[in-house]
Every structure is written in structure tokens, then in C-alpha cells.
Amino acid sequence: MENANKQSTQQTSTVHSPPTGLLEKLFKLKAHGTSVKTELVAGLTTFLTMAYIIFVNPQIMSSTGMDPGAAFVATCIGAAIATLLMGLYANWPVGLAPGMGLNALFAYTVVGQMGYSWEVALGAVFWSGVIFTAMSFWKIREWVLDAIPESLRYAMTAGVGLFLGIVGLQSAGIVVANPATILTMGDLTTQNAFLSIVCFLGIAILAHLRVFGAVLIGMLTVTLIGFFMGTITYGGIFAMPPSLAPTFMKLDIMGALNVGMITVILAFLFVNMFDTAGTLMGVAERANLRNEDGTIQGLKKSLKADSASSVIGTFVGCPPVTSYVESSAGVAAGGRTGLTAVTIAVLFMLAMFLEPLAAMIPSYATAGALLYVAFAMTSSLAKINWEDYTEMAPAMITALMMPLTFSIANGIGMGFVSYAVLKLATGQARQVSVGVYALAIIFILKFFFMP
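Residues numbered from 1 in each chain as written. Predicted model: local features only at pLDDT ≥ 70, side-chain atom pairs only at ≥ 80, totals over all residues. Heavy atoms only, no water.

## Some points on the overall build of the chain
Broken down by element type, the chain carries 20 helices and four strands. Whereas a compact globule of 451 residues would reach a radius of gyration of roughly 22 Å, the chain reaches 23 Å, a difference of no more than 12%. Overall size of the chain, expressed as C-alpha extent along the three principal axes, is 90 × 60 × 45 Å. The proportion of buried residues among the 451 residues of the chain is 53%. Restricting the contact set of the chain to residue pairs at least 6 apart, pairs at least 24 apart contribute 80%. (Helix = DSSP H or I, 4+ residues; strand = E, 2+ residues; numbered from the N terminus. Rg over C-alpha atoms; globule rule 2.2 N^0.38 Å. Buried < 20%, exposed > 50% of the residue type's maximum accessible area, 1.4 Å probe, protein only. Contact = heavy atoms within 4.5 Å.)

What follows is the structure, encoded as C-alpha cells:
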């Protein structure tokens, strides 16, 4: 009788536990010391910290002539597919979405300054993603990462931050053009400038207080202020997603096979690669994903998932998709497996129904968010060796020339050239890898023969 009761209990348990059993099989929750509830909460936490991208990215991309509604849907779908791939393939608690800085490079440099169409720019993103994916399957990635000096890596991150900063300041009207001084202070009493400052300061305060979702809260708060001031018309919160047709499969792959696009493809590749490597290794540390021998569990798979996502994203109309450092918020909430990522992906899919809300987000809310992200990225300058002029000068050239020439690609190129020249001229040629010299030559040819 007891055996019969035990068998009955086991059968009942089996009947009621398939979801948990399936999730355990897919994500190895017990081995990672986590639970379904913890992973779901972690996924929600990460989503709230990075959800600002569904409002910011469409505004940036629409400046290229892309349909705003399609750009919004593409942002959600691109983020969802990429994050789902990271969760199911790599089993990592990381959220992915169109990269801040990478979208600015796409919109303001490749399309705005260089004059390429957004279709061709998507083609360049495709090729950079293909190269990044290929590198992830072989040891070329490690060779490139090791070959590029650390000072230039840190400078690239900071330079992208400064680039975003000038975009945000210009969008807010805080900095305006001046024929005598090139740039000057704008009128801070205008609503756009004032509320941009309020948004930035609000986000900064919330971030310092460790309130998750600080960027999103700051943006929605100033949007609400604008509504009560009568400058924003209420258009609803939920609706069926707009059509993706205007951007779906519109990338021009062959059009990007242009000699002038080589440096653009390299810029997309380097910024994405270094940003991804830094983010994933940082998340791995916080999630205790290191093995006893010091290696990181599933790092190769996570890099493959990240790089492949940039290729996939181009088909729907996304700039380079990359891993988000905001994923550390979900890790801090207990996220340890791909179930966290799957939760984020589901939330991004549901976010497609928030297009009316996204359409109401004003430019001053976006500008405030850009300024916060910009200043956060410049913190990498602290890691540069300021005592060695041959390291410091190229790093600062890289970082400063991005906003001053309004081109991330130019900043990267000038950094490589100055680094190679300074090392060569000071008798430190052997400290520089062959790869750096090769890239310096490519950029020199670009500057002098393909301006």
C-alpha cells in the first residue's frame, strides 16, 4: 500500500512538474544555484534598465530616413531575437539590443556625414557582423583583441561616449553652431534645453541611488512633465505594432562592397567587438561564471551568439546589435542562466505594442538619456596609462577626434596612425603588433586617397 502511495505521489509530481523539468533541462538552474522565480525577476530587472533603447533607437534611426514605426518594431524584434539566441544557445543571463554609439555611427556618420543611404549602411553592418561571426569561430578574434593596445580600446569606448555626448547636447539645444567659435552655449531657458538637463540630472541621481530602470524612469518622467505643460499630445499607450515592411530585408549587401566602406566596416567591427568582449567578461565576473582554471563558462558560445545577432538584425533593419552592460543589473538580482535572457526577449516582443508611447517620447527625453550614457562611457579613460605619452596621446586623439570630426571611424583611424608613428619614432616599434601597423596603413590610405 505504501509503495502504491509512493508511486501515485511520484506520478502526480511528474504530471505537475514538466515545465520545471523542461526549464531545468534547458538552463541547468540547480547547477547555477538559481530558481525559475529568481530568473524571471532578474529578466524583468534587466529589461527595465535597458528598455530605454526602444524609445531612443527609433528616434536616432529615423533621422536617416527610416520609417519611425518600422524602426521601432525592428528595434524590438532585433533585440528579442538576439537575446533569445543568447539565452537558448549560450545559456547566459545577458540582454542584447541595438548598441548605443553604434546606432549613432550608423545614423550621423555613415548616413549623415558620408552620405550613404541607410540601406547601404545596413549592408556595412551585415559585413561587419559576418566578419565578427567568422572571427568567433576561430582564434582570429583572440589575435585581434590581443593585437590592439589596451589604451586604444579604452579610448574607443570613451570616444563613442563623447560622440554621443555631442549628439545629445546638440539635440537638446544646449550646444549650438557659431560661425566664430564653431560651437557655443545655446539658450538654456528653452523648454527643450531645460527639460533635457532635468532628464539627465534625474537619471544621474536615480542611478547614483541604484534605482534600477533609472534611464527609463527619467525619460518617462520628463515626458509626463511635457504632457502637463501641454507640449505633448496623448496618443495612447498600446496599439498593434506598425508594419515592418519599410525596413524588412531592405539592406543593400552588394552596395556596401565599396572601397570607401572598408573603414566604416572596420569601425563597426572594432567598436562592437571591444564593447561586446568587455561587457560579456564583466557580466561573467558578476555572475560567477568562471571555472576553477580561470576560464569563463560558455564565453565562446556567448560571443558567437552576440556576433551572429548583428547579422540577423540587419534583415529587420537594426544597426549592430550588442550585449548590454545593463545586464549586470539582472545578474545582481540573481540571474545566472539563459532563462533570464529568454524573459528579456519575451518582454521585448511584448514591447512592440507600446508604439504609441514611443511616439510620444520627446527629443529632450532622448537627449537626457544620451547624455547619461555618454558620460558613463567616458569613465574608461581612467584606465589609460597617463604616465606614458606614447600611450596617452593616441588614446586622447582617438577619443577627442570622434566628436570633433563627428566621425567614430575617423577617431579610430587617427588613433591607430598616431600610435604606430609614436611607437616607431621613439624606438618602441617591437611593442606594436603587425596588425596595428597594417591598420595604420589602411587608415593613412583612406585619409589621403579616399577623403
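The rest of the description comes next.
## Brief notes about helix 4 (residues 53-62)
Residues separated by three or four positions in an α-helix point in the same direction, a consequence of the helix having 3.6 residues per turn. By the criterion of burial, helix 4 is predominantly enclosed, with eight of the ten residues buried. Residues of helix 4 that are buried include every one of Ile53, Ile54, Phe55, Val56, Asn57, Pro58, Ile60 and Met61, and no others.

## Things to note about a nonpolar patch on the surface
On the surface, Leu201, Ile205, Leu209, Val211 and Ile217 cluster together to form a nonpolar patch covering roughly 420 Å² of accessible area. In this structure, Leu209 sits in the loop between helix 10 (191-208) and helix 11 (214-228). (Patch = residues over 30% accessible without salt bridge, like charges linked within 9 Å, V, L, I, M, F, W, Y side chains within 5 Å. Areas by Shrake-Rupley, 256 points an atom, 1.4 Å probe, with all protein chains shown as cover. Salt bridge = Lys/Arg side-chain N within 4 Å of Asp/Glu carboxyl O.)

## Comments concerning the pairing of strand 3 (residues 182-185)
Consecutive side chains of a regular strand alternate in pointing toward one face of the sheet and then the other. The sheet contact formed by strand 2 (residues 175-178) and strand 3 spans four bridges and is antiparallel. Bridge assignment links Ala177 to a residue of strand 3, and that residue is Leu183. Between the antiparallel neighbours strand 2 and strand 3 lie three residues. (Pairing = 2+ DSSP bridges.)

## A few points about the side chain of Thr314
Note that Thr314 resides in helix 13 (residues 299-316). Overall, the relative accessible area of 0% leaves Thr314 in the buried class. A polar side-chain atom of Thr314 sits 2.6 Å from the main-chain carbonyl oxygen of Val311. Apart from the residues lying within four places of it in its own chain, the contact partners of Thr314 are Leu122, Val125, Phe126 and Leu251. (Polar contact = N/O pair within 3.5 Å; in protein donor to acceptor, adjacent residues only side chain to side chain.)

## Points about the side chain of Ser310
Residue position: Ser310 is located in helix 13. Residue class for Ser310 comes out buried when judged on its relative accessible area of 1%. At 3.1 Å, the side chain of Ser310 forms a polar contact with the side chain of Asn272. Those residues within four positions of Ser310 in sequence are excluded, and the remaining contacts are Val125, Gly129, Asn272, Pro320 and Val321.

## Concerning the packing of helix 6 (residues 102-113) against helix 7 (residues 118-137)
Contact pair helix 6 / helix 7: the axes reach a minimum separation of 10 Å and the direction vectors enclose 115°. For the pair helix 6 and helix 7, the sense of crossing is right-handed. Along its contact with helix 6, which presents Phe106, Val110 and Val111, the element helix 7 presents Trp118, Ala121, Leu122 and Val125. (Axes fitted to C-alpha atoms, helices over the stretch in contact; angles between N-to-C directions. Left-handed = near helix turned anticlockwise from the far one by under 90°.)

## Some thoughts on the nonpolar core
In terms of nonpolar packing, the biggest core is built from 118 residues, with Trp92, Phe106, Met219, Phe270, Phe348, Ile412 and Phe416 touching the most fellow members. Among the elements that line this core, the one with the most residues is helix 12 (residues 262-286), at 13 residues. Among the nonpolar cores identified, the runner-up in size contains eight residues, and Leu381, Met392, Ala395 and Ala399 belong to it. (Core = buried A, V, L, I, M, F, W, Y, C linked by side-chain atoms within 4.5 Å.)

## As for unusual backbone geometry
One non-glycine residue with positive phi stands out, namely Asn91, at about 55°. The topology assignment puts Asn91 in the loop between helix 5 (68-90) and strand 1 (96-98). Residue classification places Asn91 among the buried positions, given a relative accessible area of 14%. The residue Met249 is not glycine, and still its phi comes out positive at about 55°. Assessed through its relative accessible area of 47%, Met249 is described here as partly exposed.

## Here's the deal with the packing of aromatic side chains
Counted according to the given criterion, the structure contains twelve aromatic pairs. When the centroid spacing of 5.4 Å and the interplanar angle of 70° are considered together, the rings of Phe200 and Phe375 count as edge-to-face. One end of the pair, Phe200, is in helix 10; the other, Phe375, is in helix 17 (residues 363-377), with 175 residues separating them in the sequence. Site record: aromatic cluster; members linked through ring pairs are Phe270, Phe274, Phe416, Phe443 and Phe447. Of note, Lys301 hangs over the ring of Tyr89, and the distance from its end group to the ring centre comes to 5.3 Å. (Phe/Tyr/Trp six-rings, centres within 6.5 Å; stacked < 30°, edge-to-face > 60°. Lys NZ or Arg CZ within 6 Å of the ring centre and 35° of its normal.)

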